[in-house]
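Close look at the chain arrangement
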Amino acid sequence: MKNIDSYTHVRGESVYLDDIPLQAGTLFAAAFDSPIAHGKIKSLDTTEAEKSEGVVRIFTANDIPGENQIGGIIPDEELLASTHVHFCGMPIALVIAHSEEQARAAVKKVTVEIEKLEIITDPRFAKEKGELIIPPRTFQIGDTSSAWKDCEYIFEGSTETNGQEHLYIETQGAYAVPQENGAIRIYSSTQGPTAVQRTAARVLNVAMNKIEVDTTRLGGGFGGKEDQATTWGVLCALAAYHLKKPVKYCLHRMEDMRMTGKRHPYSSDFKIGLDKNHKIIAYEATFYQNAGAAADLSPAVMERTLFHCNNSYFIPNVKATAYSCRTHLPPNTAFRGFGGPQGMFVIEAAIDKAAAALNVPASLIQQKNLLKTGDEFPYGQKAESEANECWNKTNEVFNIQQLQKEVADFNATNKLYKKGMAMMPICFGISFTKTLMNQARSLVHVYTDGSVGISTGAVEMGQGVNTKMLQVAAKIFSISPDKIKVNTTNTYRIANTSPTAASAAADLNGRATEIACAAILKRLQQAAAEELKISPDRIEIKDEWIYANGKKTEWDWKKLVLATYVKRISLSELAHYTPPGIHFDPSKEKGHPFAYHVYGTSITTVTVDCLRGVYEIDSVKVVHDFGQSMNTMVDMGQCEGGIVQGIGWMTMEEIVYDKEGKLRSNALSTYKVPDIYSVPKEITIHPLETQKENLAVFQSKAVGEPPLMYGIGAYFALRNAVKAFNPSADIAYNAPMTPEKVLMSLYTSVHDNISK
Ligand code: MTE
Ligand code: HPA
Ligand code: MOS
């Protein structure tokens, strides 16, 4: 089945926030944000701006009727800076004008005097100063301190992974429209409609039932709108509340890049110990997460780094500690993988370092240590592992040795071009790590003409979740997809939603939809049984026809629906789903936090131009565990998109903040993302179709985030290509591996560095 949005997408008819027809009298907002990363506000002058053409009003922290607070996990972030600023881009005032241009022109006339305070951008330095968002956490299994003596080889090192700009095509934005009796409807480009609702209620000091948040779809979120769409929704609501007029704010790309947080950069240390057979005996890691100026989702992201610190390897002795470090960057936030990729990069670096020193391919160490079913993760859950199956299938389908030989042959015959290859097994836990967030609801109506409407808490952001919801209903009812409509995500229809995140939206909302449809189906069968005078369990609906005792009857879907209505039986259901069996105890750092894990293995091959340092990704070949995929096209798209986004993070996307905390890579001219020319020449994905009861919909598996981590393979493939040209290259584990870094490492060596 095609993605149900594809038709309107290609015709340009899909509705995004900026396509919503505006009500007469709509006003436009623009934020004045801090030019200084840390300081005390001495004075704010808006008089010139107020006189600017078209300006209606300028709001500051003093205009907030409720709490000036948008922090989700920890209340540590003001909506509008009151006395201090904590990052460049922090909103200080909100200008409202009759047009967008007038609002932005007036913003330029606002002036602020800030007494600068010490600016910290480095997470290790922040930790030294005691600037931590939460106390550090440690995940532990076995006993590393006594295990080192059993190790034949021990290696230590450090790694850096940079942040990543979400670069959703649709920038952040919202449109708030006042309703009667002080209610406000907020159209928001958000992954978390309830977060926008809850925060707007808190800031305006009104009850949550007065705030309706409605989301049709996003032009991408990738985690960037899980928490950080809230600011813009609430700012518009604040202005609409005071002015009793609709207010809209869609950020320009540079505003968005400057004012919003990104993937967390991490600085990390590792120590790895192996026995003489290359079995990993012990592993220690310390993670310094650059949280930015406020908590946002950092504590949860940090937790997921710890959950994924051993990737898909079984290690009997692990000790991993993480620090969430407060710096003066915009608060960093969720980004596809949610801290998992950062943790996985470090273990891959540790394995790479060991492999280089022992003069064996990294793939040998990787394969030897893959998780097996029954192995315990450092957090206590026992693996139901597909890691070996994926690896073996990869070999069967793609022939790893043959590919290695091709690379070696190429390198033996080419002087100025070198190829590199790397394997990347992945293992990603599915469920919100905060157990209570794993709940969802679905409201299904069958109308008397036989058409069906579905509302869930899931937000469509390109990942195809609405298509999957529709497929669930089509399958349970056995009716044609064109009889079904998936409605906007709306807090008046579905309350208290978890954000569409953690790759779990299709799982959770899909199961709720399944339950709702099954309940209605049961009533329909009951009604049919009464009409046809047989037992309900002998009734079946197949392709919109009613079968009794396996025989087609005169009754079709429409007739049965109408008859059920006439009998005064409900054709609506609100179902609630929560996955059973998951739990986690943070006081022990042990439990069973994930409903299941997703596994896969990739092989990435690259070619480096050794004169220029530029490179191409030749191919990414993958065996990925989809379970029983609900929609092959959608899932393949998720895989391809994730892989390319992961490669972007690891190779070319380079966020640069200067010492003053100012974003230097603040536009698309200075921040490069993969384009059609730089994507891999080949992406081949071979599905591993496992068939297990796994708590997802119809034995499928979540697919949104895991494939991003195949991108890590591109980093190590590039290293290997550089090493093929310059065996004594001394390359720090510092991602992204930009062409500049490749070029430098092609022509430096361990020896150069020592002699310096
Ligand atoms: N795919 C597209 N096209 N656009 C997106 O914004 N977000 C990713 C992933 N795939 C995203 C995407 C992220 S971060 C998550 S958590 C999942 O989709 C969320 O959707 P799901 O739970 O339905 O998989
Ligand atoms: N993943 C993604 N988003 C989240 C999570 C998680 O585990 N927890 C809270 N938000
Ligand atoms: Mo995805 S980072 O969980 O929105």
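Starting afresh in each chain, residues are numbered from 1 along the sequence in its written order. Chains carry letters and ligands carry numbers; both start at the beginning, A for chains and 1 for ligands, and go up in the order they are written. Side-chain atom pairs in this predicted model are given and counted only at pLDDT of 80 or more, local residue features only at pLDDT of at least 70, and totals for whole chains, interfaces and linings cover all residues. Calculation of side-chain values draws on the structure's entire complement of heavy atoms; hydrogens and water are dropped beforehand.

1. Some remarks on helix α12 (residues 387-398)
In a regular helix each residue adds 1.5 Å, so 12 residues correspond to 16 Å; α12 covers 16 Å between its end C-alpha atoms and thus fits that length. Partly exposed residues are those whose accessible area sits between 20% and 50% of the maximum for their type, while under 20% is buried and over 50% is exposed, using a 1.4 Å probe and protein chains only. Helix numbering and strand numbering both begin at the N terminus, where a helix is a DSSP run of H or I of at least 4 residues and a strand a DSSP run of E of at least 2. Of the positions making up α12, those classed as buried are Ala 387, Cys 390, Trp 391, Thr 394 and Phe 398. The buried residues of α12 occupy an angular sector of 100° when projected down its axis, which confines them to one face. Contact criterion: two residues are considered in contact whenever any of their non-hydrogen atoms come within 4.5 Å of each other. Among the structural elements, α11 (362-368), α13 (400-413), β16 (417-430), β27 (596-609), β28 (615-625) and β29 (682-688) are those in contact with the buried residues of α12. At the C-terminal side of α12, Asn 399 shows a positive phi close to 60°. Given a helix with a known number of residues, its expected span is that number minus one, times 1.5 Å. Working definition: the arc comes from the directions between the helix axis and the C-beta atoms, pointing outward to the latter.

2. Description of the site of ligand 1
Surveying the vicinity of ligand 1 reveals 19 residues, the closest of which are Gly 221, Phe 222, Met 461, Ala 505 and Gln 638. Between ligand 1 and Gly 221 there is a distance of 2.7 Å, counted from an oxygen atom to a backbone nitrogen or oxygen. Ser 503 has a polar backbone atom sitting 3.5 Å from an oxygen atom of ligand 1. Isolated, ligand 1 exposes 520 Å² of accessible area, and the fraction of that covered by the protein chains is 92%. Side-chain classes follow a simple rule in which Ala, Val, Leu, Ile, Met, Phe, Trp, Tyr, Cys and Pro form the nonpolar group, Asp, Glu, Lys and Arg form the charged group, and the remainder, Gly included, forms the polar group. For the shell around ligand 1, the residue count by class is 8 nonpolar, 9 polar and 2 charged. Any residue with a heavy atom positioned within 4 Å of a molecule or strand is treated as near that molecule or strand. Here a polar contact means two N or O atoms within 3.5 Å. Within protein one must be a hydrogen donor candidate and the other an acceptor candidate, and residues neighboring in sequence count only if both atoms are side-chain atoms. Working definition of accessibility: Shrake-Rupley area with a 1.4 Å probe, residue cover restricted to the visible protein chains.

3. With respect to the domain arrangement of the protein chain
Here the bounds of each domain stem from an automatic or database domain assignment. According to the domain assignment, the protein chain contains domain 1 (6-118 + 166-259), domain 2 (266-433 + 589-746) and domain 3 (439-577). A separation of 37 Å is found between the C-alpha centroids of domain 1 and domain 3. At the junction of the two partners, domain 1 supplies 22 residues and domain 3 supplies 15 residues. Taking both partners together, domain 1 and domain 3 bury about 1,400 Å²; carbon and sulfur atoms supply 49% of that area. Broken down residue by residue, the surface that domain 1 buries against domain 3 is led by Gln 191, Thr 194 and Glu 212, which jointly contribute 31%. One speaks of a salt bridge when a side-chain nitrogen belonging to Lys or Arg is within 4 Å of a carboxyl oxygen belonging to Asp or Glu. In this structure, the connection of domain 1 to domain 3 is made through 0 salt bridges. Counting the contacts that link domain 1 with domain 3 gives 9 residue pairs in polar contact (both at pLDDT 80 or more). Within the residue set of the side of domain 1 that touches domain 3, elements represented by two or more residues are α6 (193-204) and β11 (211-215). With 5 residues, β11 is the largest single contributor of residues to the side of domain 1 that touches domain 3. A 1.4 Å probe defines the accessible area here, and the buried area is the portion of it lost by two parts on being joined, summed over both.

4. So, the packing of α12 against α13
Where α12 meets α13, the closest approach of the two axes is 7 Å, and the angle between their N-to-C directions is 60°. By the criterion of interaxial angle, the relationship of α12 to α13 is oblique. For the pair α12 and α13, the contacting residues are Trp 391, Asn 395 and Phe 398 in the first and Ile 400, Gln 401 and Leu 403 in the second. For the contact of α12 with α13, a count of residues per class yields 4 nonpolar, 2 polar and no charged. Axis definition: a line fitted to C-alpha atoms, over the contacting stretch in the case of helices. Angles run 0 to 180 degrees between N-to-C directions. Angles are sorted into four bins: roughly parallel if under 35 degrees, roughly antiparallel if over 145, roughly perpendicular if 65 to 115, and oblique for all others.

5. Structural notes on the nonpolar core
With 107 residues, the main nonpolar core has Ile 272, Tyr 283, Phe 287 and Ile 712 as its most contacted residues. Here the element with the most residues in this core is helix α10 (residues 340-358); it accounts for 10 residues. Counting 55 residues, the second-largest nonpolar core is a separate cluster that includes Met 90, Ala 103, Leu 243 and Val 247. Throughout this description, the term nonpolar core refers to a set of buried Ala, Val, Leu, Ile, Met, Phe, Trp, Tyr and Cys residues connected via side-chain atoms within 4.5 Å.

6. Comments concerning the sheet that holds strand β23 (residues 551-556)
When DSSP finds two or more bridges between two strands, those strands count as paired. Overall, antiparallel pairing links the 3 strands, which are arranged β21-β22-β23 in an open sheet. In this open sheet, the two edge strands, each paired with only one partner strand, are β21 (539-542) and β23. Across the sheet, the mean angle from the axis of one strand to that of its neighbour is 35°, orientation sign disregarded. Pairing of strand β22 (residues 545-548) with β23, which is carried by 3 bridges, proceeds in the antiparallel orientation. What sits directly across from Trp 545, in β23, is Asp 556. Docked against the sheet, helix α15 (residues 505-532) engages β21, β22 and β23, running at close to 120° with respect to β21.

7. Quick look at the pattern of salt bridges
Tallied over the full model, the rule gives 38 salt bridges. In this structure, the salt-bridge partner of Glu 544 is Lys 483, at a minimum N-O distance of 3.0 Å. With Glu 544 in the loop between β21 and β22 and Lys 483 in the loop between α14 (465-477) and β19 (484-486), this residue pair connects regions lying 61 residues apart in the sequence. On the basis of relative accessibility, which here comes to 18%, the residue Glu 544 falls in the buried class. Between Glu 682 and Lys 621 there is a salt bridge, with the nearest N and O atoms lying 3.0 Å from each other. Taken together, the residues Glu 682 in strand β29 and Lys 621 in strand β28 connect sequence positions 61 residues apart. Under the relative-accessibility criterion, Lys 621 is labelled buried at 14%. In the salt-bridge network here, residues are joined through shared partners; they are Glu 384, Glu 386, Asp 625, Lys 692 and Lys 701.

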